[in-house]
Amino acid sequence: MASDPSDRTQAATDAESAFMTLSHDLRLEILLALWDAPGFSLSFSELRKTVGERDSGSFTYHLSELRDHFVAKTDEGYELQYPGHRVLDAIQSGVFHEQVAVGPVELDTDCRACGEQLTFKYDTDYIARVRCSDCGNRAIEWPFDPGGIADRDDDAIVAAFDRRTRLIWSCALDGVCPFCAGRVDRELTSQVHEEGACVGVIEQLDRYDEYFARDHPAVVAVDCERCSFYSFIPVGVVLLTRPAVSGRLHEADIDVRATPLWDLGFVVDADAVTVRDTDPMCVDVSVLDAPESLAFTIDASIDVIGEATPET
Ligand SMILES: [Zn+2]
Ligand SMILES: [Zn+2]
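To start, this report covers the structure provided alongside it. Just so we're clear, the structure is a prediction, and the values are computed from it rather than from any experiment.

## Some thoughts on helix 5 (residues 82-92)
Consideration 1: By the burial criterion, the buried members of helix 5 are Gly84, His85, Val87 and Leu88. For helix 5, the angular spread of the buried residues around the axis is 160 degrees, confining them to a single face.
Consideration 2: In this fold, the buried residues of helix 5 make contact with helix 2 (25-36) and strand 3 (78-80).
Consideration 3: Within two residues after helix 5, Gly94 carries a phi angle of roughly 85 degrees, on the positive side.

In structure tokens, the structure reads:
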């Protein structure tokens, strides 16, 4: 959600002209040919031969349209530039032209509500869902790109979903947009259920019937100031990227790297979260699977301020 409408209009105009530059299939073929070439570079004649364009005038025209932004002229020929790479990366993510479905895949994790086995399922709406098919408990639901499915078996797809979701969440929680690199506003909020606020906003989208962590007493709302990225992240995810916390969890026999997100009770279980204060916000997150009582306090600045002392 970019904040200033005039900035947004200008950005849209600039981006529109950049997208228009790519509006001819020969131009995308030129980018793809350079991507496949050693050093992402080809001479004029090699490039023309690779894309198979017989009309020299047409080829020269379309290549010139890509010059200086997507493609640079060098002494040896033409070289793919960073924006050209990013265009190809976006295409390879598959979100513009692929729709695939995977699963259900049975996971090695039991449902925390009923003890049945959780399953992973990826659908053509681009959402990966880790759920219990028995009681309906939803551990995690998050968008995933079709690029994550290609050339992987089921176990590897599930592992890739875990890794990528962590990366997106930890980046956003640090205030950096994982999609556009812009500033992300973050707010620890307990207004999870209030109408029109917070989770209600995302539930108005068709993508989610109901936000998977709406039963948590608090979540972190994240909202990019620059692009359309906004969402809600379970508070327990904050514990994953703090070395002192990882050390304490390691002592408690919990390996936060080897254990998938949906098997970490402090991430997926609503019972792990206790709102200690609302002004300013302060939340305790309990490590439910630790052999002894272990909890951490997270404050309004999304920092772990220490181990929580159990309330007596
Ligand atoms: Zn269940
Ligand atoms: Zn962004």
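## So, the coordination of the zinc ion (ligand 1)
Each donor-metal-donor angle would ideally measure 109.5 degrees in four-coordinate tetrahedral geometry, or 90 or 180 degrees in six-coordinate octahedral geometry.
Consideration 1: Of the protein atoms, only Cys111 (SG), Cys114 (SG), Cys132 (SG) and Cys135 (SG) coordinate the zinc ion (ligand 1), at distances of 2.3 Å.
Consideration 2: If you look at the zinc ion (ligand 1), its four donor atoms make angles of 100 to 115 degrees with each other, and the shape they trace is tetrahedral.
Consideration 3: Taken in chain order, the donor set of the zinc ion (ligand 1) reads C-x2-C-x17-C-x2-C. Of this pair, Cys111 sits in the loop between strand 4 (102-110) and strand 5 (117-122) while Cys132 sits in strand 6 (residues 127-132), and the two are 21 residues apart along the sequence.

## A closer look at the nonpolar core
Consideration 1: Core analysis: the biggest nonpolar cluster contains 66 residues, and Phe120, Phe161, Trp169, Leu249, Trp262, Phe266 and Val267 have the highest contact counts within it.
Consideration 2: Those residues in contact with Trp262 that lie beyond four places of it in its chain are Leu107, Thr109, Leu118, Val130, Ala139, Ile140, Val158, Phe161, Asp162 and Val268.
Consideration 3: Counting 19 residues, the second largest nonpolar core, distinct from the first, contains Leu34, Leu63, Leu66 and Tyr78.

## Focus: the packing of helix 2 against helix 5
Consideration 1: Interaxial distance between helix 2 and helix 5 falls to 10 Å at its minimum, and their mutual angle equals 95 degrees. With respect to their mutual orientation, helix 2 and helix 5 come out roughly perpendicular. On helix 5, the residues touching Leu28, Leu31, Leu32 and Trp35 of helix 2 are Val87, Leu88, Ile91 and Gln92.
Consideration 2: Here the residues of the contact of helix 2 with helix 5 sort into seven nonpolar, one polar and no charged.

## A closer look at the environment of Leu31
Consideration 1: You can see Leu31 is positioned in helix 2.
Consideration 2: Separated by 53 residues in sequence, Leu31 and Gly84 have C-alpha atoms that sit 6.6 Å apart.

Conventions we followed
- Residues numbered from 1 in each chain as written.
- Chains lettered and ligands numbered in written order.
- Predicted model: local features only at pLDDT ≥ 70, side-chain atom pairs only at ≥ 80, totals over all residues.
- Heavy atoms only, no water.
- Buried < 20%, exposed > 50% of the residue type's maximum accessible area, 1.4 Å probe, protein only.
- Helix = DSSP H or I, 4+ residues; strand = E, 2+ residues; numbered from the N terminus.
- Arc of directions from axis to C-beta.
- Contact = heavy atoms within 4.5 Å.
- Donors = N, O, S within 2.8 Å, 3.2 Å for Na, K, Ca; no water.
- Tetrahedral: all angles 85-135°; square planar, octahedral: opposite > 155°, others 65-115°.
- Core = buried A, V, L, I, M, F, W, Y, C linked by side-chain atoms within 4.5 Å.
- Axes fitted to C-alpha atoms, helices over the stretch in contact; angles between N-to-C directions.
- Parallel < 35°, antiparallel > 145°, perpendicular 65-115°, else oblique.
- Nonpolar A, V, L, I, M, F, W, Y, C, P; charged D, E, K, R; others polar.

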